[in-house]
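Coordinate inspection notes
Below are the chains, spelled out letter by letter.
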Amino acid sequence: MAATVVRNARPVSPRLSKYCGALVGAVVGDCLGAYFECKRHVKVDELLNHFAALDSVRKEQQFTDDTAMARSVARSLVEKKGLDVKDMASRFVSEFYKEPDRGYGGSIAAVFSKLEKSGCSDPFLPAKEQFDGQGSFGNGGAMRISPTALYGYNLSEEELNKVSEDITRITHTHPDALRGAQLQCSAVRLALRETDTDHLNTNNFIQKLRTTMKQLENPQNLDNHPQPYCDKLDTIEEFLKRDSVDCSEVVECLGNDISALGSVPTAIYCFLRSLKPVDYIPKENPFERTILYAISLGGDTDTIATMAGAMAGAYYELDRVPQHWQDICEGVPDAVSYAKQLHTLCSDLMDSHK
Ligand code: AR6
Ligand code: MG
């Protein structure tokens, strides 16, 4: 597919520091969250001690599959100047075979193997065959989608949703995985578009996401039609009205697992909750607070932190991502470079439709 038409009435120029913040935020969330991955409960003392010790660490903190795949998404969008599904699928495959030990999901190797054998002739077919035709409901689509929000900054909502869906369908076809990636992409784009980095109207933010998800989950507005993501957005809104919500309740109601439905809404909550101080996380910088809060929930910490980190980085901009974290996390210079290239691509698309 060639570069998609920009259909917004008045294309707006995105801020480069927000683009860099989004991709660097995602990388540091992944690298720093990876240490705690799969711990069902993260003890606050252990978390704070780990991060205090990190201040004097020079060793590189490695990224996982989340970043490995997000880099392929960014590279493909930049080099093809838009979505080329076959190109993206073949980048996923070669990246996987180059470094298969990046912590990929338990079942995704089967998709890569079939894609490789078929030369990606039908890039959507292997994913459709997963789980007896049900498709994977994992968060592997959502965890890598952030660069799409940068590329699609000025696309119509419909177009953005289509691009997110197609990128996800290369590996995941279950509706929960598709809707989860669309929700994550929409949330990152909303955070990019916010210009006042000191005041975010959380009700508006959630309301915009609910409108998007309602259209995707229940376009005909049928009574009793399942709309699991809208339900989770309601829960987030209710939690944000309360003075405090226990971590255990957050995990019970929103989730912290490898499913898209059990992690994307959680990441959104982490971002929105961390706009305000969190009593057990003594951090003034709200970007840092977002990452530590996300990890404190345990479970799929790298992926929840990468998704929350993308939103927080997009909102607060690059200079709120601690310099030391940028120095020790693998892949940060590349993330900056992809952000710049996506920024240029987005501006070129705008110019070509003026
Ligand atoms: N039915 C039953 N189990 C399922 C289904 C299903 N339809 N879908 C997924 N699972 P996968 P991902 C279970 O392999 O989404 C890594 O840590 C099943 O146990 O598609 O790319 C990443 O960083 C399957 O093995 O991977 C992500 O955080 C597992 O979900 C996370 O894993 C993962 O689905 C998911 O990555
Ligand atoms: Mg991972």
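Residues numbered from 1 in each chain as written. Chains lettered and ligands numbered in written order. Predicted model: local features only at pLDDT ≥ 70, side-chain atom pairs only at ≥ 80, totals over all residues. Heavy atoms only, no water.

It is generally the case that most residues other than glycine have a negative phi and that most peptide bonds are trans. A positive phi is found at aspartate 132, a non-glycine position, where the angle reads about 50°. Mapping aspartate 132 onto the fold places it in the loop between α6 (125–128) and α7 (146–151). (Helix = DSSP H or I, 4+ residues; strand = E, 2+ residues; numbered from the N terminus.)

It is possible for side chains of opposite charge to pair when their charged atoms get near one another. Across all of its chains, the model carries 18 salt bridges by this definition. Salt-bridge contacts for lysine 98 lead to glutamate 95; the nearest nitrogen and oxygen are separated by 3.6 Å. Of this pair, lysine 98 and glutamate 95 both sit in helix α4 (residues 85–98), three residues apart, which is roughly one turn of that helix. A residue is classified by how much of its surface remains accessible, and lysine 98, at 58% relative accessible area, is exposed. Note that aspartate 198 and arginine 320 form a salt bridge whose closest N and O atoms lie 3.6 Å from each other. Remark: arginine 320 occurs in the loop between α15 (301–316) and α16 (323–328) and aspartate 198 occurs in the loop between α9 (175–193) and α10 (202–217); sequence separation between them is 122 residues. Exposure remark for aspartate 198: the relative accessible area of 57% places this residue in the exposed category. A single network of salt bridges, built from pairs that share partners, joins Glu79, Asp87 and Arg91. (Salt bridge = Lys/Arg side-chain N within 4 Å of Asp/Glu carboxyl O. Buried < 20%, exposed > 50% of the residue type's maximum accessible area, 1.4 Å probe, protein only.)

Now for helix α8 (residues 157–169). Taking 1.5 Å of rise per residue, the 13 residues of α8 would be expected to cover 18 Å, and the 18 Å separating its terminal C-alpha atoms lies within 8% of that figure. Among the residues of α8, those classed as buried are Glu159, Leu160, Asn161, Val163, Ser164, Asp166, Ile167 and Thr168. (Expected span 1.5 Å × (residues − 1).)

Per the UniProt record, "binding site: Mg(2+) 1" (unreviewed entry) is annotated on Thr64, Asp65, Asp66, Asp300 and Thr303. The greatest C-alpha distance among the residues just named is 12.4 Å, despite their covering 240 residues of sequence, which places them together in space. For aspartate 300, a relative accessible area of 5% puts it in the buried group. Not counting the four nearest positions on each side in its chain, aspartate 300 is found in contact with Glu37, Asn139, Asn256, Asp257 and Ile258. Here threonine 303 is to be found in helix α15. The contact partners of threonine 303, leaving out residues within four places of it in the chain, are Asp66, Asn139 and Met143. Separated by 2.5 Å, the side chains of threonine 303 and aspartate 66 make a polar contact. (UniProt positions renumbered as here; feature names shortened; annotations may be inferred. Contact = heavy atoms within 4.5 Å. Polar contact = N/O pair within 3.5 Å; in protein donor to acceptor, adjacent residues only side chain to side chain.)

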